[in-house]
Amino acid sequence: MIMTYLEAIADGLRVAMRNDERVFMIGEDIGTYGGAFKLTKGFLEEFGPQRIMDAPISESAIIGAAIGASLNGMRPVAEMQFIDFITNGFNQLVTVAGTTAYRWSLPVPMVVRGPSGGGVGGNPFHSRNPENWFVHATGLKVVCPAFPADAKGLMMSAIRDNDPVIYFEHKGLYRKIKEDVPEGEYYVPLGKARIVRPGKHVSVIAYGSAVHMALEAAATLEAEGLDVEVIDIRSLVPFDEATVLDSVRRTGRAVVAHEAVLTGGFGGEIVARISEKAFTFLDAPVVRVAAFDSPTPFAPTLERAVLPNAGGIADAVRRTAAF
Amino acid sequence: MAKAKRPQQAPQAPVSSSTLSETERRELLRYMVMAREFDAAMLRLYRQGKAFGGVYSQLGNEAVSVGTAYALDTKADVLFPMHRNIGSHFVFGQDLDTLMVNHLARKGSQMRGTDGTGHYADPAKRIYGNVSHLGAMIPVAAGFVLASKMRGESCVALTYIGDGGAQVGEVHEALNFAAVQRLPLILVIENNQYAYSTPSSLEFACERLSDRALGYGIDGVTIDGTDVELVLATTRKAVERARRGEGPTLIETVTMRMRGHAEHDDFAYVPKAMLEEWAAKDPVERYAERLIADGVMSTESVKQLREETLAHMIAAIDRAVELPWPDAEEAFRNVFMDEVAQ
Ligand SMILES: Cc1ncc(C[n+]2csc(CCOP(=O)(O)OP(=O)(O)O)c2C)c(N)n1
Ligand SMILES: [Mg+2]
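Everything numeric here is computed off the predicted structure, so don't read it as measured data.

Rules behind the numbers
Residues numbered from 1 in each chain as written. Chains lettered and ligands numbered in written order. Predicted model: local features only at pLDDT ≥ 70, side-chain atom pairs only at ≥ 80, totals over all residues. Heavy atoms only, no water. Helix = DSSP H or I, 4+ residues; strand = E, 2+ residues; numbered from the N terminus. Contact = heavy atoms within 4.5 Å. Areas by Shrake-Rupley, 256 points an atom, 1.4 Å probe, with all protein chains shown as cover. Lys, Arg positive; Asp, Glu negative; His and termini not counted. Charge placed at Lys NZ, Arg CZ, Asp CG, Glu CD. Rg over C-alpha atoms; globule rule 2.2 N^0.38 Å. Buried < 20%, exposed > 50% of the residue type's maximum accessible area, 1.4 Å probe, protein only. Salt bridge = Lys/Arg side-chain N within 4 Å of Asp/Glu carboxyl O. Buried area = accessible area lost by both parts, 1.4 Å probe. Polar contact = N/O pair within 3.5 Å; in protein donor to acceptor, adjacent residues only side chain to side chain. Nonpolar A, V, L, I, M, F, W, Y, C, P; charged D, E, K, R; others polar. Expected span 1.5 Å × (residues − 1). Donors = N, O, S within 2.8 Å, 3.2 Å for Na, K, Ca; no water. Near = heavy atom within 4 Å. Pairing = 2+ DSSP bridges. Axes fitted to C-alpha atoms, helices over the stretch in contact; angles between N-to-C directions. Patch = residues over 30% accessible without salt bridge, like charges linked within 9 Å, V, L, I, M, F, W, Y side chains within 5 Å. Core = buried A, V, L, I, M, F, W, Y, C linked by side-chain atoms within 4.5 Å.

## What to know about the overall build of chain B
Right, so step 1: The secondary structure content of chain B amounts to 11 helices and 9 strands.
Right, so step 2: Principal-axis analysis of the C-alpha atoms places the extent of chain B at approximately 55 × 50 × 45 Å.
Right, so step 3: Here the contacts in chain B between residues at least 6 apart in sequence split such that 75% fall between residues at least 24 apart.
Right, so step 4: Split by element, the accessible area of chain B, about 14,100 Å² in all, is 54% carbon and sulfur.
Right, so step 5: Here chain B contributes 37 positively and 46 negatively charged side chains, and the mean placements of these two sets differ by 2 Å.

Right, here's the structure in full:
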């Protein structure tokens, strides 16, 4: 069935809730209102207020309660109205959720999800891409889907997973990207990258919105005789190093792209792995394309200036190919 | 599920005869009308498709913003407003053009386009705007007056939070800290019955949010937020206490959010009867009527005030919306103070 990215996420949640009584959702305005982006529209009617729980504006209580419920047999999905508000629940995630398996050998099968990303005039507090904070935290799985089918499949896998998973949706993709999505139960494993577009000359490794920028760049570059391979890593933790290294060993050239800011971003980790494990295969230095190291500004002229785009990725590929 | 009773009606009776001068009373009405007509002008902009960012109406909150801010010394105290406090900005002397260029993030904004709406800081006007994260600025307001106190200066901080935002953990930490340090902080909890779509019954279970004051060992009171003179009198008492070194005060103002959370929200979840009930208690209309009844203003002068104010607001907004966007290069400057021209 053709679904938008938003519909596919909702479908994954709905199927998981129908199949498993232990799954419930907690968040702000997710019930009567159906969520700030209407992602949970109709959920309250189908599942009732116990399983679609409108919470007070208390992100650390929401996340902490999800941790507690998951220690006691449930599989909660906590929504952050905007992922930026995850900062208010940071301690619960980093200190409690991310250390529990290691200390107690007990599962914390919870998902924290919400809209991230810029490009929609969201202001500095509704535009962040904070995924890498949680990569560095240890003990948290981090998922960043780029396509509807993957979004559904990764959501269902995240809910079934026995570790805490932070699932970053990109709000700019919600209604922009559509494709055929398998009906019913559908699982995409965490930690498996996907070659979205095979190519011979340069590997572009990306996730989230940057995958779409990379595909647009690849289409432009095809006309210039450059055959670009685009890899969507889909999850940052676990990270599918093998698929990335295999690609780079074939092409000998790589560009790494994400919408999050450059310094301390996951791109640096990808480059380090390539450098450590595929150095002798490289014909050019690996180049990163990412946002400028600033908060995401509000005015459209400024926001456009700091965020990466297809043109920037195309330029990076050209430079890499010409090295 | 048994629910605690909600403070629909304010437990305090409004003051019957005014102790304010006629000038003060006219000024209170003028500021409230400014807030009211600012809303109307922003709504017009939104309907024209020219607004940028969310349009958060403060309709119904005029008496709270104006009555609280009016109790302060705007030259010495400090304002940490929230998203429905445009009236407070006006009382603190913010001019419309500065407000609008900041609000719409145009070239010349005090935030250079990096942020918008009421988030700006204007230290000269003693206004430090909010961030989107609810409650995040309350500890900051506490720290601001902590510094004043350390230097022996008299500075009271006035800040706000909603019935929803009051459930953020930082609010608790800030109040407790301010109580322990006896800081001159006034926190107004604007209970307008809804937090986005969430009714108070799903936000808190105490009968009054001001009950929490007891737990912090500070003064707390719940009042009718539609009565500007009551709001002013209550805040003045809190200001006096703060200046005497008696620490923070929690004031819960009960009102009704008369529109959606922002203009994209049709607020179908709010019972019509509730809106009708509160429409009858309209803070601006009621105060205008009161001033007319007391012979402080005439029907004609109120009408004229409203029309002139609206025209003024529309003109300022139309001027601002025609301004160019900031230059893209601004995006790459000032992440650190090293680059900020001093
Ligand atoms: C920490 C945090 N969580 C969630 C939000 C999203 N949000 C913005 S305003 C709002 C409702 C606020 O309600 P309330 O505090 O009652 O203020 P009101 O808008 O009613 O004046 C929500 C949930 C936020 N801004 N900050
Ligand atoms: Mg409210």
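## Re the overall build of chain A
Right, so step 1: A tally of regular secondary structure across chain A gives 11 helices and 14 strands.
Right, so step 2: Relative to a compact globule of 323 residues, whose C-alpha radius of gyration would be 20 Å, chain A shows 19 Å and is just as compact.
Right, so step 3: By principal-axis analysis of the C-alpha atoms, chain A measures approximately 60 × 40 × 40 Å.
Right, so step 4: Per-residue burial over chain A gives 62% buried out of 323 residues.
Right, so step 5: In chain A, the share of contacts with a sequence separation of at least 24, taken over all contacts with a separation of at least 6, comes to 83%.

## Things to note about the pattern of salt bridges
Right, so step 1: Enumeration over the complete set of coordinates arrives at 48 salt bridges over all chains.
Right, so step 2: Here Arg273(A) and Glu269(A) are joined by a salt bridge, their closest N and O atoms 2.7 Å apart. With Arg273(A) and Glu269(A) both in helix 9 (residues 266–277), this residue pair falls 4 residues apart, about one helical turn.
Right, so step 3: Here the salt bridges share partners, and the residues they tie into one network are Arg25(B), Asp227(B), Glu229(B), Arg290(B) and Asp294(B).

## Focus on the interface of chain B and chain A
Often, the extent of an interface is quoted as the loss of accessible area on bringing the components together.
Right, so step 1: At the junction of the two partners, chain B supplies 37 residues and chain A supplies 31 residues.
Right, so step 2: Summed over both sides, the interface of chain B with chain A buries roughly 2,600 Å², with 67% coming from carbon and sulfur.
Right, so step 3: Remark: the boundary between chain B and chain A carries 0 salt bridges.
Right, so step 4: Taken together, the connections running from chain B to chain A amount to 13 residue pairs in polar contact (both at pLDDT 80 or more).
Right, so step 5: Its residues assigned to classes, the side of chain B that touches chain A shows 15 nonpolar, 15 polar and 7 charged.

## Regarding helix 1 (residues 5–19) of chain A
All names here are of chain A.
Right, so step 1: Compared with an ideal rise of 1.5 Å per residue, which puts 15 residues at 21 Å, helix 1 spans 21 Å between its outermost C-alpha atoms and is within 8% of the ideal.
Right, so step 2: Here helix 1 lies mainly inside the structure; 11 of its 15 residues are buried.
Right, so step 3: Inspection of helix 1 places Tyr 5, Leu 6, Ala 8, Ile 9, Ala 10, Asp 11, Gly 12, Leu 13, Val 15, Ala 16 and Met 17 among the buried residues, and these make up the whole buried set.

## Focus: the coordination of the magnesium ion (ligand 2)
Residues and elements named next belong to chain B.
Right, so step 1: Looking at the metal site, the magnesium ion (ligand 2) is ligated by Asp 163 (OD), Asn 192 (OD1) and Tyr 194 (O), spaced 2.0 to 2.1 Å from it.
Right, so step 2: Counting the intervening residues between successive donors of the magnesium ion (ligand 2) yields the motif D-x28-N-x1-Y. Placement of the pair is Asp 163 in the loop between strand 4 (157–162) and helix 6 (169–180) and Asn 192 in the loop between strand 5 (185–191) and strand 6 (194–195), with a sequence separation of 29 residues.

## Thoughts on the site of ligand 1
Right, so step 1: Neighbouring ligand 1 are 20 residues; Glu59(A), His83(B), Arg84(B), Ser132(B) and Gly165(B) lie closest to it.
Right, so step 2: The environment around ligand 1 is built from residues contributed by chains A and B.
Right, so step 3: Side-chain polar atom of His83(B) to an oxygen atom of ligand 1: 2.8 Å apart, as the coordinates give it.
Right, so step 4: With respect to ligand 1, the backbone of Gly165(B) contributes an N or O atom lying 2.7 Å from an oxygen atom.
Right, so step 5: Bound to the protein, ligand 1 loses 96% of the 580 Å² it would expose on its own.
Right, so step 6: Among the residues forming the shell around ligand 1, the class breakdown is 6 nonpolar, 10 polar and 4 charged.

## With respect to the sheet that holds strand 13 (residues 254–261) of chain A
Residues and elements named next belong to chain A.
Right, so step 1: One open sheet accounts for 5 strands, arranged 9-11-10-13-14; its pairing is mixed. Of all the strands in the sheet, the pair left with one neighbour each is strand 9 (194–197) and strand 14 (287–291). Averaged over all neighbouring strand pairs, the angle between strand axes comes to 25 degrees, with direction disregarded.
Right, so step 2: Where strand 13 and strand 14 come together, 4 bridges link them in parallel fashion. In the sheet register, Val 255 faces strand 14, and the bridge partner there is Val 287.
Right, so step 3: Each of strand 9, strand 10 (202–206), strand 11 (228–232) and strand 13 touches helix 7 (residues 209–222); the most contacted strand, strand 11, lies at about 170 degrees to it.

## Looking at a nonpolar patch on the surface
Residue and element names in this part refer to chain A.
Right, so step 1: Taken together, the side chains of Leu 71, Trp 104 and Leu 106 present a nonpolar region at the surface, about 290 Å² in accessible area.
Right, so step 2: The residue Trp 104 is located in helix 4 (residues 90–104) in this model.
Right, so step 3: Note on Trp 104: relative accessible area 47%, which makes it partly exposed.

## Section: the pairing of strand 9 (residues 249–254) of chain B
Residue and element names in this part refer to chain B.
Right, so step 1: Counting buried residues along strand 9, 6 of its 6 residues qualify, which places the element largely inside the surrounding structure.
Right, so step 2: Here strand 9 shows no split at all, with Thr 249, Ile 251 and Thr 253 on one side and Leu 250, Glu 252 and Val 254 on the other all buried.
Right, so step 3: Pairing of strand 5 with strand 9 involves 6 bridges; the strand directions are parallel. In the sheet register, Ile 189 faces strand 9, and the bridge partner there is Glu 252.
Right, so step 4: In this sheet, strand 9 lies alongside strand 8 (residues 219–224) in parallel orientation, the contact comprising 6 bridges.

## Considering the nonpolar core
Right, so step 1: In this structure, Leu29(B) and Phe90(B) are the most contacted members of the largest nonpolar core, which totals 94 residues.
Right, so step 2: Non-local contacts of Phe90(B), meaning those with residues more than four positions away in its chain, are made with Tyr31(B), Met34(B), Ala35(B), Phe38(B), Leu96(B), Leu99(B) and Met313(B).

## Some details on the sheet that holds strand 5 (residues 111–116) of chain A
Two pairing modes exist for strands in a sheet, parallel and antiparallel, and in both the strands are linked by backbone hydrogen bonds.
All names here are of chain A.
Right, so step 1: Ordered by their spatial adjacency, 7 strands build an open sheet running 3-2-4-5-7-6-12, and the pairing between neighbours is mixed. At either end of the open sheet lies a strand with only one pairing partner, and these are strand 3 (52–54) and strand 12 (235–237). Across this sheet, the average inter-strand angle for adjacent strands is 20 degrees, counted without regard to direction.
Right, so step 2: Taken together, the 4 bridges between strand 2 (residues 23–27) and strand 4 (residues 75–79) define a ladder with parallel strand orientation.

## What about the side chain of Glu37(B)?
Right, so step 1: Residue placement: Glu37(B) occurs in helix 1 (residues 22–47).
Right, so step 2: Beyond its immediate stretch of four places on either side in the chain, Glu37(B) contacts Arg306(B), Thr309(B), Leu310(B) and Met313(B).

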